[in-house]
Amino acid sequence: MPRSGALPFYFVRKGFVMNTWSVAVVGATGAVGNEMIRILEERNFPVGKLKLLASERSLGKSLEFRGKSYPVEVLKEDSFGGVQIGLFSAGGSISEKFAPIAAQAGCVVVDNTSAFRMVPEIPLVVPEVNPEAIAQYKNRGIIANPNCSTIQMMVALKPIHDAVRIKRIVVSTYQAVSGTGKKAIEELEQQTRALLACQEPTVKVYPHQIAFNCLPQIDVFVENGYTKEEMKMVNETKKIMDPSIAVTATTVRVPVFYSHSESVNIETERKITVAGVKELLAKAPGVKLVDDPANRQYPLAIHAAGKDETFVGRIREDESIANGINLWVVSDNLRKGAALNAVQIAEILIQKYL
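Residues numbered from 1 in each chain as written. Predicted model: local features only at pLDDT ≥ 70, side-chain atom pairs only at ≥ 80, totals over all residues. Heavy atoms only, no water.

So, the overall build of the chain
Worth spelling out the cut-off: Put simply, DSSP H or I for four residues or longer makes a helix, DSSP E for two residues or longer makes a strand, and each gets a number counted from the N terminus. The size measure is the radius of gyration over C-alpha atoms, and the globule rule it meets is 2.2 Å times the number of residues to the 0.38 power. Whether a residue is buried, partly exposed or exposed follows from its accessible area with a 1.4 Å probe, protein chains only, as a fraction of its type maximum: under 20%, in between, or over 50%, in that order. The contact criterion used is simple: two residues touch if any of their non-hydrogen atoms lie within 4.5 Å. Methods summary: accessible areas were calculated by the Shrake-Rupley approach with a probe of 1.4 Å, and residue burial reflects only the protein chains presented. Under this rule, positive means Lys or Arg and negative means Asp or Glu; His and the chain ends count for nothing. A charge is said to be at NZ when it belongs to Lys, at CZ for Arg, at CG for Asp and at CD for Glu.
Along the chain, the regular secondary structure elements total 8 helices and 14 strands. Taken over C-alpha atoms, the radius of gyration comes to 21 Å for the chain, in line with the 20 Å a tight globule of 354 residues would show. For the C-alpha atoms alone, the extent of the chain along its principal axes is close to 60 × 55 × 45 Å. Buried residues in the chain amount to 53% of all 354 residues. Excluding contacts between residues fewer than 6 apart, the proportion of contacts in the chain whose partners are at least 24 apart in sequence is 66%. Summed over its atoms, the accessible surface of the chain is roughly 16200 Å², and 51% of this surface lies on carbon and sulfur atoms. Across the chain, the 41 positively charged side chains and the 37 negatively charged ones have centroids separated by 4 Å.

If you want it as structure tokens, here you go:
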């Protein structure tokens, strides 16, 4: 049943009456917002009414959904009347202000920012890992979507953790510029064109040139010398999967448009072989195993782009410790790393809890 004060829409298809839902996408004109709209359509999410919300800069724009053009409305405090599900991806400060307002209006918020991830009473969810946590939405009316780099690592590691318990994770990421947004995508393209034309590149989005470069800084540095992005991976892993796991991360921005790649090293309590890991991952939800080194088959960012799966390969034993495994994990950061994960949460929400 729907939350109090939020009644479902209905439509009849081939003799069946189906619930449909009033959905708002906040940050609809951004890279993740665009992907949310696309995935709602691709997965045939039962949208009865759709509201597209963004800042005043997007006023006058419209976006397509199921062959129909929808105007983008300016996000306001009264935008959520009658809205049952809100998919938020407009920045942390926007979520901090408007997510509680939406929840108060009877809208369940799935928030893609870092605003609520570490709030104890707000669930932080990867559907393949801890879907049962969605039930905690009743605490505040908000469900948090994890960081993109955390999501794909959790999808790959959960089956291994369940089998042999992971003690420690060492992860280095190679993250695409689309994780920063549309302006970063444009900057990489413009810098690449400029450098190939022997011109000086313009640097605005990142602290240094990103084209033909790697930046070992994502977000700002904190007191311990790590960046906020690195600490997100540490803290979110503990909250989602197991607070006892030791995690250390180095996050790097690379000149790739779409899909994050990760080098993941784990130490487990009990021994597991490479064959054992492959057997687990071959049947794990959301995982696609691509691991045939003899034929140069392993996950690539260009192959993961536009795909829903988390791709895993280069699985090998870490010969420097007794119970160590190395993996290479790749996933589309705008899809599974953001929009798809949010829509999957919403799907479970309407199937089991609303």
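Once the structure has been displayed, the description carries forward.
Describing the packing of helix α1 (residues 31-42) against helix α8 (residues 335-353)
Geometrically, a packed helix pair is captured by the angle between its two axes and the distance between the axes. What counts is decided by this rule: Helix axes are fitted to C-alpha atoms over the stretch in contact, other axes to C-alpha atoms as well, and angles between N-to-C directions run from 0 to 180 degrees. Note on angle classes: values under 35 degrees are labelled roughly parallel, values over 145 roughly antiparallel, values of 65 to 115 roughly perpendicular, and the remainder oblique. Take the far helix as the reference: if the near one is turned anticlockwise from it by less than a right angle, the crossing is left-handed, and if turned clockwise, right-handed. Under the scheme applied here, ten amino acids are nonpolar (Ala, Val, Leu, Ile, Met, Phe, Trp, Tyr, Cys and Pro), four are charged (Asp, Glu, Lys and Arg), and all others, including Gly, are polar.
It is at 9 Å that the axes of α1 and α8 come closest, and there the two elements cross at 50°. Regarding the angle of α1 to α8, the classification is oblique. In terms of crossing hand, the pair formed by α1 and α8 is right-handed. Residues V32, E35, M36, R38, I39, L40 and E42 of α1 form the contact with α8, whose own contacting residues are R335, A338, A339, L340, A342 and V343. Within the contact of α1 with α8, the residues separate by chemical class into 9 nonpolar, no polar and 4 charged.

A word on the pattern of salt bridges
Pairing of side chains with opposite charge becomes possible as their charged atoms draw close. Put simply, the rule is: Salt bridges, as used here, are contacts in which a Lys or Arg side-chain nitrogen is within 4 Å of a carboxyl oxygen on Asp or Glu.
Tallied over the entire structure, the rule returns 18 salt bridges. Between K232 and D219 there is a salt bridge; the shortest N-O distance is 3.7 Å. Linking K232 in helix α5 (residues 228-240) with D219 in the loop between α4 (182-196) and α5, this pair joins segments that are 13 residues apart in sequence. With a relative accessible area of 33%, D219 lands in the partly exposed category. For the salt bridge of K271 with E317, the shortest nitrogen-to-oxygen distance reads 2.8 Å. Here K271, found in the loop between β11 (260-268) and α6 (274-282), pairs with E317, found in strand β13 (residues 310-317); they are 46 residues apart in sequence, far enough to count as distant. With relative accessibility at 33%, the residue E317 sits in the partly exposed group. One continuous salt-bridge network, built from bridges that share partners, spans E35, R38, E42, D308 and R335.

Details of the nonpolar core
To keep things clear, this is the line we draw: Nine residue types can take part in a nonpolar core, namely buried Ala, Val, Leu, Ile, Met, Phe, Trp, Tyr and Cys, and a core is a set of them joined through side-chain atoms within 4.5 Å.
Counting 51 residues, the largest nonpolar core has F80, L157, I169, V264, I266 and L327 as its most contacted members. With 8 residues, helix α3 (residues 148-164) is the single largest residue contributor to this core. When near neighbours in sequence (up to four residues on either side) are disregarded, L327 contacts L157, I160, E262, S263, V264, I266, V277, L281, V312, G313, R314 and I315. In this structure, W21, V25, V72 and A346 belong to the second largest nonpolar core, which totals 40 residues.

Some words on the packing of aromatic side chains
What characterises a pair of aromatic rings is the spacing of the ring centres plus the angle enclosed by the ring planes. Definition in use: Only Phe, Tyr and Trp rings take part, Trp by its six-membered ring, and two of them pair if their centres are within 6.5 Å. Stacked means planes under 30 degrees apart, edge-to-face means over 60, and tilted covers everything else.
Going through the model one piece at a time under the given rule, you end up with 4 aromatic pairs. Seen from their ring centres, Y174 and W328 are 5.4 Å apart, and the 50° between their planes marks the pair as tilted. In this pair, Y174 sits in strand β9 (residues 166-175) while W328 sits in strand β14 (residues 324-331), placing the two residues 154 residues apart along the sequence.

Regarding the sheet that holds β13
Stated formally: Pairing between two strands requires that DSSP report at least two bridges joining them.
Taken together, 6 strands build an open sheet; the order of strands is β10-β9-β11-β14-β13-β12 and the sheet is mixed. The sheet is open, and its two borders are formed by β10 (246-253) and β12 (287-289), each paired with just one other strand. The mean angle between the axes of side-by-side strands here comes to 25°, regardless of whether they run parallel or antiparallel. Examined bridge by bridge, β9 and β10 share 8 bridges and lie parallel to one another. Across the sheet, R168 pairs through a bridge with A246, a residue of β10. The strands that α3 touches are β9, β11, β12, β13 and β14; relative to β11, the one it contacts most, it runs at about 25°.

What to know about a nonpolar patch on the surface
This is how it is decided: Residues form patches when they are more than 30% accessible in relative terms and have no salt bridge. Like charges link within 9 Å. Nonpolar side chains (Val, Leu, Ile, Met, Phe, Trp, Tyr) link within 5 Å.
A cluster of nonpolar residues, Y298, L300 and I302, forms a patch on the protein surface that exposes about 290 Å² of accessible area. Checked against the element boundaries, Y298 lands in the loop between β12 and α7 (301-304).

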